[in-house]
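Residues per chain, in single letters:
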Amino acid sequence: MIVLGIETSCDETAAAVVDDHGTVRADVVRSQIEEHRPYGGIVPEIAARAHLETLDDVIRRAMGEAEMEFAALDGVAATAGPGLIGGLIVGVMTAKGIAAAHDLPFIAVNHLEGHALTARLTDRVAFPYLLLLVSGGHCQILVVEEVGRYRRLGTTLDDAVGEAFDKVAKMLGLGYPGGPEVERTAALGHPARFNLPRPMKGRPGCDFSFSGLKTAVRHAIEALPVGELAERDVADICASFQDAVGDVLDDRCARAIATFRSRWPQGDTLVVAGGVAANQEVRRRLEQLCRRLDMKFVAPPQGLCTDNAAMIAWAGLERLARGDVDGLDFAPRPRWPLDPDAPASRGAGVKA
Ligand code: KG4
Ligand code: ZN
């Protein structure tokens, strides 16, 4: 089976062609970074227009790379939520159009499920597994029990971790998006120079909080002598911030692993996914944690951590294999939690 996947929920316009052996036959990602850069963040109207203007070409390129005609596909999958509604509508309408024209099944994919199932595309990880989902909009720990069945163990009470990276980068005058800039700059700094808080560390449960850490970074910057921030200061702040994030993720995941082991004894793997999983220091810390606690650790390649359509095509394949397809009346969902039974909370990390 071969599926075309389409991703337009945020600031990447992406299309990919993937088969059920896990071969990614094409994977095209067009980033909108240049369009949003002057504003230092994503502007929803600009995102929607850019998706509309570029998606057809991105799909054409993916089909060309895969050397396929639409009629030879077994299905068309598109991210139908959660995300920015303008982009979701563009992707979903396009997918439905292709599906209707070629009489193919349409699969509405939850973006978070795309991230969650990527480890099965890359590493064939068996259910159940523990998932740390860390991106610009989400920061959750979930148990992936089955396609479509998730149990949330923890979430952020305020900011998502990727959002904290982006805001720290902005405060330091680094570029957008902030995560990769902070990581690059942190490599030149001393993590012990600034004594930053580790919010939620040692607390029961698996929830996160990052707004206090972000505020502490602002105070650390304000306490420095007035004038231009020295390169040394910027590097040390980045390193100290990244170290604090690493400590928090370590603590929260250690607790989640204990819960996972007691309630899902047949599971043995921690998977990390989402844009922040591209961070080498985050990966190193989690790998170390898993070695210490005797868990397997899986982190997809960097290009499959940040937003892409291969993960959407793969989630579509997993659903299609179960006969789980959607009608052409499926409406995009700006909010779409993976675990509908988890209590609603506030904050960016719980947009889903
Ligand atoms: O998964 P993603 O591409 O989009 C969302 O679904 O949110 O994640 C984007 C987020 C941004 O906040 C970005 O700064 C962060 O992931 N990110 C990183 C790195 N690369 C991307 N954060 C830390 N280190 C990185 N290398
Ligand atoms: Zn994402």
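Here is a short report on the structure shown in this document. Everything numeric here is computed off the predicted structure, so don't read it as measured data.

1. Structural notes on the packing of helix α5 (residues 161-171) against helix α7 (residues 211-222)
Reasoning step 1: Contact geometry of α5 with α7 gives a least axis separation of 10 Å together with a crossing angle of 15 degrees. The orientation of α5 relative to α7 falls into the category roughly parallel. Helix-helix and strand crossings are classified by hand; for α5 and α7 the assignment is right-handed. Residues Lys 167, Val 168 and Met 171 of α5 form the contact with α7, whose participating residues are Lys 214, Val 217, Arg 218 and Ile 221.
Reasoning step 2: Considering only residue class, the contact of α5 with α7 consists of 4 nonpolar, no polar and 3 charged.

2. Remarks on the sheet that holds strand β5 (residues 106-110)
Reasoning step 1: Spatial strand order, β3-β2-β1-β4-β5: 5 strands in an open sheet with mixed pairing. Single-partner strands in this sheet number two, and they are β3 (24-31) and β5. Taken over all neighbouring pairs, the strand axes of this sheet differ in orientation by 20 degrees on average, direction set aside.
Reasoning step 2: Across 7 bridges, the pairing between strand β2 (residues 12-19) and β3 is antiparallel. Note that in β3 the partner of Val 17 across the bridge is Ala 26.
Reasoning step 3: The strands touched by helix α2 (residues 44-66) are β1 (2-7), β2 and β3; relative to β2, the strand with the most contacts, the crossing angle is about 25 degrees.
Reasoning step 4: Those strands touched by helix α10 (residues 310-321) are β1, β2, β3, β4 (75-81) and β5, and its axis lies near 130 degrees from that of β1.

3. A look at the environment of Glu 145
Reasoning step 1: Among the secondary structure elements, Glu 145 is positioned in strand β7 (residues 139-146).
Reasoning step 2: Using a relative accessible area of 16% as the deciding quantity, one classes Glu 145 as buried.
Reasoning step 3: Among residues more than four places away in sequence, those in contact with Glu 145 are Phe 127, Pro 128, Arg 151 and Trp 264.
Reasoning step 4: At a separation of 2.9 Å, a polar atom in the side chain of Glu 145 contacts the side chain of Arg 149.
Reasoning step 5: Within the structure, the side chain of Glu 145 is placed 2.8 Å from the side chain of Trp 264, a separation counted as a polar contact.

4. Considerations on the pattern of salt bridges
Reasoning step 1: Throughout the structure, instances matching the rule amount to 27 salt bridges.
Reasoning step 2: A salt bridge links Arg 151 to Glu 145; its shortest N-O distance comes to 4.0 Å.
Reasoning step 3: Overall, Arg 151 belongs to the partly exposed group, its relative accessible area being 28%.
Reasoning step 4: Between Asp 247 and Arg 198 there is a salt bridge; the shortest N-O distance is 2.8 Å. Linking Asp 247 in helix α8 (residues 231-263) with Arg 198 in the loop between α6 (178-186) and α7, this pair joins segments that are 49 residues apart in sequence.
Reasoning step 5: Note on Asp 247: relative accessible area 19%, which makes it buried.
Reasoning step 6: The class of Arg 198 is partly exposed, set by a relative accessible area of 22%.

5. Looking at the coordination of the zinc ion (ligand 2)
Reasoning step 1: The coordination sphere of the zinc ion (ligand 2) contains the protein donors His 111 (NE2), His 115 (NE2) and Asp 307 (OD), at a distance range of 2.0 to 2.2 Å.
Reasoning step 2: Of note, the donors binding the zinc ion (ligand 2) are all from one chain and are spaced H-x3-H-x191-D. Here the residue His 115 occupies a position in helix α4 (residues 111-123), and Asp 307 occupies one in the loop between β10 (296-298) and α10, the gap between them amounting to 192 residues. As far as the burial class goes, His 115 and Asp 307 line up, both buried.

Definitions and limits used
Sequence positions are assigned chain by chain, starting from 1 and proceeding in written order. Going through the entries in the order they are written, you letter the chains from A and number the ligands from 1. Local features in a predicted model are, by the rule used here, given only for residues with pLDDT of at least 70; side-chain atom pairs are given and counted only at 80 or more, and totals for whole chains, interfaces and linings are based on all residues. Values shown for side chains rest on all heavy atoms present in the structure; no hydrogens or waters enter the calculation. For every element, the axis is a line fit to its C-alpha atoms; helices are fit only across the contacting stretch, and the angle between N-to-C directions ranges from 0 to 180 degrees. Secondary structure elements follow DSSP: runs of H or I of four or more residues count as helices, runs of E of two or more count as strands, with numbering from the N terminus. Orientation is classified from the angle alone, with under 35 degrees giving roughly parallel, over 145 giving roughly antiparallel, 65 to 115 giving roughly perpendicular, and any other angle giving oblique. Put simply, a crossing is left-handed when the front helix is turned counterclockwise from the back one by less than a right angle, and right-handed when it is turned clockwise. When checking whether two residues touch, look at their non-hydrogen atoms; a contact exists if any pair is within 4.5 Å. Note on residue classes: Ala, Val, Leu, Ile, Met, Phe, Trp, Tyr, Cys and Pro are nonpolar, Asp, Glu, Lys and Arg are charged, and everything else, Gly too, is polar. For two strands to be treated as a pair, DSSP must find at least two bridges joining them. The rule is simple: take the accessible area with a 1.4 Å probe, protein chains only, and divide by the maximum for that residue type; under 20% is buried, over 50% is exposed, in between is partly exposed. Pairs of N or O atoms are called polar contacts if they sit within 3.5 Å, as long as, within protein, a hydrogen donor faces a hydrogen acceptor (for residues adjacent in sequence, only side-chain-to-side-chain pairs). The term salt bridge refers to a side-chain nitrogen of Lys or Arg lying within 4 Å of a carboxyl oxygen of Asp or Glu. Sites may look incomplete because water is not among the atoms; the donors themselves are N, O and S atoms within 2.8 Å of the metal, or within 3.2 Å for Na, K and Ca.

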